[in-house]
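# Survey of secondary and tertiary structure
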Amino acid sequence: MFAPQTFILGDTTYPGLSGFLGSRGSLMLDVVFLAMFIVVPVLAVSIYLVKIRHRYDLHKKLQLVMASVLLVAVVLFELDIRINGWEHRAAPSPYFDAAHKWTSPAGISLAIHLSFAIPTLLLWIVVVARALRNFPRPPHPAAHSRWHTRYGWAAAIGMLLTALTGWLFYYLAFIASSS
Ligand code: HEM
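Here the structure is a predicted model, which is why all the values come from computation and not from measurement.

Analysis parameters
- One numbering rule holds for all chains: residues counted from 1, following each sequence as written.
- Reporting in this predicted model follows two pLDDT cut-offs: at least 70 for local features of residues, and 80 or more for side-chain atom pairs to be given and counted; totals over whole chains, interfaces and linings ignore these cut-offs and use all residues.
- Secondary structure counts use DSSP, requiring at least four H or I residues in a row for a helix and at least two E residues in a row for a strand, with both numbered from the N terminus.
- Here exposure depends only on C-beta density: within 10 Å of a residue's C-beta, 20 or more other C-beta atoms make it buried, 12 or fewer make it exposed, and intermediate numbers make it partly exposed, the C-beta atoms being placed from the backbone.
- For the purpose of contact definition, each residue receives a C-beta atom placed from its backbone, and two residues are in contact when these atoms lie within 7 Å.
- Placing a C-beta atom from the backbone of each residue, we mark the residue near a molecule or strand if the atom is within 6 Å of it.
- Under the scheme applied, nonpolar residues are Ala, Val, Leu, Ile, Met, Phe, Trp, Tyr, Cys and Pro; charged residues are Asp, Glu, Lys and Arg; polar residues are all the others, including Gly.
- Here an angle of 0 to 180 degrees is reported between the N-to-C directions of two axes, which are lines fitted to C-alpha atoms, with helices fitted over the stretch in contact.
- Oblique is the label for any angle not covered by the other classes, which are roughly parallel (under 35 degrees), roughly antiparallel (over 145) and roughly perpendicular (65 to 115).
- By definition, any crossing whose near helix is turned counterclockwise from its far helix by less than a right angle is left-handed, and any crossing with a clockwise turn is right-handed.
- One less than the number of residues in a helix, times 1.5 Å, gives the span that helix is expected to have.

This next bit is on the overall build of the protein. Summing up its helical and strand segments, the protein has five helices and zero strands in all. Walking the protein from its N terminus toward its C terminus, one meets helices and strands in the order α-α-α-α-α. On the principal axes, the C-alpha backbone points of the protein span a range of 55 × 50 × 25 Å. Expressed as a percentage of its 179 residues, the buried residues of the protein come to 26%. The long-range share in the protein, meaning contacts at least 24 apart out of those at least 6 apart in sequence, stands at 65%.

The following block contains the structure:
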């Protein structure tokens, strides 16, 4: 028989459920950290499919799956951070200082991350909504192409920068250790 503690997810040192990557990250922090390693390559494939292979249908499907997964992840992630906070988990890091939260390297990296993540989320929603409204079904180039190509690239680059700055924050806050 398994001992009851076998089934406890993570430890109880920090508020909320702990993650599975072996860092101090919470469950949702780990899920989003890992998810971005899938989202960025899938985004690249989706743009390759539309730009080089002209597979508009596949591009649409991939973008809609990605948008749904990201939306669910962002909501769960926000709940986790709002309810449990992240500061306790960052405390052992040499790059975080609770007394100077937003001027410590981890805090600065989080502010930079949010300055990409929030506009990218809003832009992402607008690009998907406008594409759904303005492209024919099945999708193919149309009058909306010019707007979509410009802002689609902006949304894609925003997502890449969101991932890169998110990974940096994750390292500074939840992996780095002073001991
Ligand atoms: C946030 C989500 C999306 C992003 C980031 C995105 C990104 C892009 C990018 C960067 C291109 C231009 C590729 C190039 O340089 O030629 C493109 C083209 C295209 N996308 Fe999206 N896309 C998204 C969602 C969608 C959706 C939901 C649809 C369909 C309803 C769609 C339909 C198309 C079509 C038809 C083209 C070809 C435009 C043309 O070359 O005339 N996209 N997309």
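Attention shifts here to unusual backbone geometry. Cis geometry marks the peptide bond from Arg137 to Pro138, where omega comes out at -5 degrees. Assignment of secondary structure puts Pro138 in the loop between helix H4 (105–134) and helix H5 (145–175). Here the phi dihedral of His54 falls at roughly 55 degrees; this positive angle occurs in a residue that is not glycine. Its place among the elements puts His54 in the loop between helix H1 (27–51) and helix H2 (56–84). The exposure class of His54 is exposed, given the 12 C-beta atoms found within 10 Å.

The environment of the ligand is formed by 24 residues, the closest being Gln63, Ala131, Pro141, Ser145 and Gly152. Going through the elements one at a time, H1, H2, H4 and H5 are the ones with two or more residues in the shell around the ligand. Per element, the largest residue contribution to the shell around the ligand is seven residues, and it comes from H5. Its residues assigned to classes, the shell around the ligand shows 15 nonpolar, seven polar and two charged.

Here H1 crosses H2 at 165 degrees, and the two axes come no closer than 10 Å. Judged by the inter-axis angle, H1 sits roughly antiparallel to H2. Between H1 and H2 lies a crossing of left-handed hand. Taken together, the residues of H2 that come into contact with H1 (itself represented by Met28, Val31, Val32, Ala35, Val39, Val42, Leu43, Ser46, Leu49 and Val50) are Tyr56, Leu58, His59, Leu62, Gln63, Met66, Leu70, Ala73, Leu76, Phe77 and Asp80. Here the contact of H1 with H2 is composed, by residue class, of 17 nonpolar, three polar and one charged.

The packing of two helices is summarised by the inter-axis angle and the distance between the axes. With their axes 8 Å apart at the nearest point, H4 and H5 run at an angle of 150 degrees to one another. It follows from the interaxial angle that H4 and H5 lie roughly antiparallel. Regarding H4 and H5, the two cross each other, and that crossing is left-handed. Its residues assigned to classes, the contact of H4 with H5 shows 20 nonpolar, nine polar and no charged.

Quick look at the environment of Leu161 now. Assignment of secondary structure puts Leu161 in helix H5. Here Leu161 falls in the partly exposed class, since 16 other C-beta atoms lie within 10 Å of it.

Attention now moves to the environment of Tyr170. Among the structural elements, Tyr170 can be located in helix H5. Owing to 25 C-beta atoms within 10 Å, Tyr170 belongs among the buried residues under this scheme. Once the C-alpha coordinates of Tyr170 and His148 are considered, the two residues, 22 residues apart in sequence, prove to be 32 Å apart.

This part covers H4. In this model H4 runs 43 Å from its N-terminal to its C-terminal C-alpha over 30 residues, within 8% of the 44 Å that 1.5 Å per residue would give. Taken together, the buried positions of H4 are occupied by Ala106, Gly107, Ser109, Leu110, His113, Ala117, Thr120, Trp124 and Val127. Against H2, helix H3 (87–90) and H5 lie the buried residues of H4.

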